[in-house]
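# Working through the structure, step by step
For reference, the chains in residue letters:
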Amino acid sequence: MEIRRLREFDLAELKAMNRLFAEVFDEPEIYLPGPPDAYLERLAGRDEFIALAASIEGKLAGGLVAYELIKLEQQRSEIYVYDLAVHDAFRRRGVATSLIEALKAIARECGAWMIFVQADPPDAPAVALYEGLGRREDVLHFDISPDADRPAR
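A few points on the structure. (Residues numbered from 1 in each chain as written. Predicted model: local features only at pLDDT ≥ 70, side-chain atom pairs only at ≥ 80, totals over all residues. Heavy atoms only, no water.)

### So, the overall build of the protein chain
The number of helices and strands found in the protein chain is 5 helices and 5 strands. For the protein chain, the α and β elements follow one another from N to C terminus as β-α-α-α-β-β-β-α-β-α. For the protein chain, the C-alpha radius of gyration of 16 Å lies close to 15 Å, the compact-globule estimate for 153 residues. Projected onto its principal axes, the C-alpha coordinates of the protein chain cover approximately 45 × 40 × 35 Å. (Helix = DSSP H or I, 4+ residues; strand = E, 2+ residues; numbered from the N terminus. Rg over C-alpha atoms; globule rule 2.2 N^0.38 Å.)

As structure tokens, this is what we get:
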């Protein structure tokens, strides 16, 4: 398995990761057709944006997208895992755990003190994975739309 951080010159891989998320999460309307190339290049060029691709035998097996959040209260940051998906054909092979381990190394490198992730209770495999890696906190999540005419999804 190869884990690689994607950057602004990895447009094809970033688009493939969006297709993977669309398939695994069954949300094509969210992830497809995806943003324009110029947007992806700008985003992937930012140090605070972390996209990791896991490949097995040259095929995209899984992907992770995370963001470094710079903190006010102390000179430190946290890493928020926004998306993590493994293709059905590559499950139960340590792909997700390997992606998190690679993210831990990046977190240490940038001085982050914590990595956090949300999981929906019905997604038992994700909950089990994260419970095996860290401490569980039960919190409430709220979506607040900045546009009064657009309801939160």
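That shown, we press on.
### What about helix α3 (residues 37-44)?
Listed as buried for α3 are Leu40, Leu43 and Ala44. On an axial view of α3, the arc spanned by its buried residues comes to 90°, and they lie on one face. Packed against the buried residues of α3 are β1 (2-6), α1 (11-25) and β2 (49-56). (Buried < 20%, exposed > 50% of the residue type's maximum accessible area, 1.4 Å probe, protein only. Arc of directions from axis to C-beta. Contact = heavy atoms within 4.5 Å.)

### Notes on the packing of aromatic side chains
Describing an aromatic ring pair means giving the distance of the ring centres and the angle of the ring planes. Overall, the coordinates contain 7 aromatic pairs when judged by the stated rule. Judged by centre distance (6.1 Å) and plane angle (80°), the ring pair of Tyr67 and Tyr82 falls under edge-to-face. With Tyr67 in strand β3 (residues 59-70) and Tyr82 in strand β4 (residues 77-86), this residue pair connects regions lying 15 residues apart in the sequence. By relative accessible area, which is 30% here, Tyr67 ends up partly exposed. Feature note: the residues Phe49, Tyr67, Tyr80, Tyr82 and Phe116 constitute an aromatic cluster, connected by ring pairs. (Phe/Tyr/Trp six-rings, centres within 6.5 Å; stacked < 30°, edge-to-face > 60°.)

### A word on the sheet that holds β1
Pairing is mixed across the open sheet formed by 5 strands, whose spatial order is β1-β2-β3-β4-β5. Among the strands making up the open sheet, the edge pair consists of β1 and β5 (112-117). Across the sheet, the mean angle from the axis of one strand to that of its neighbour is 25°, orientation sign disregarded. (Pairing = 2+ DSSP bridges. Axes fitted to C-alpha atoms, helices over the stretch in contact; angles between N-to-C directions.)

### Overview of the packing of α1 against α3
The geometry of α1 relative to α3 is characterised by a closest axis approach of 10 Å and an angle of 100° between their N-to-C directions. One way to sum up the angle between α1 and α3 is to call them roughly perpendicular. Across from Leu11, Leu14 and Lys15 in α1, the residues of α3 making contact are Asp37, Leu40, Glu41 and Ala44. Class assignment of the residues belonging to the contact of α1 with α3 gives a composition of 4 nonpolar, no polar and 3 charged. (Parallel < 35°, antiparallel > 145°, perpendicular 65-115°, else oblique. Nonpolar A, V, L, I, M, F, W, Y, C, P; charged D, E, K, R; others polar.)

### Some words on the pattern of salt bridges
Summed over the entire model, instances satisfying the criterion amount to 11 salt bridges. When the shortest N-O distance is used, the salt bridge between Glu13 and Arg4 registers 3.4 Å. Note on Glu13: relative accessible area 32%, which makes it partly exposed. Linking Glu73 and Lys71 is a salt bridge whose minimum nitrogen-to-oxygen distance equals 3.8 Å. Lys71 gets classed as partly exposed once you look at its relative accessible area, which sits at 25%. Bridged by salt links that share partners, the residues Lys71, Glu73, Arg76 and Glu78 form one connected network. (Salt bridge = Lys/Arg side-chain N within 4 Å of Asp/Glu carboxyl O.)

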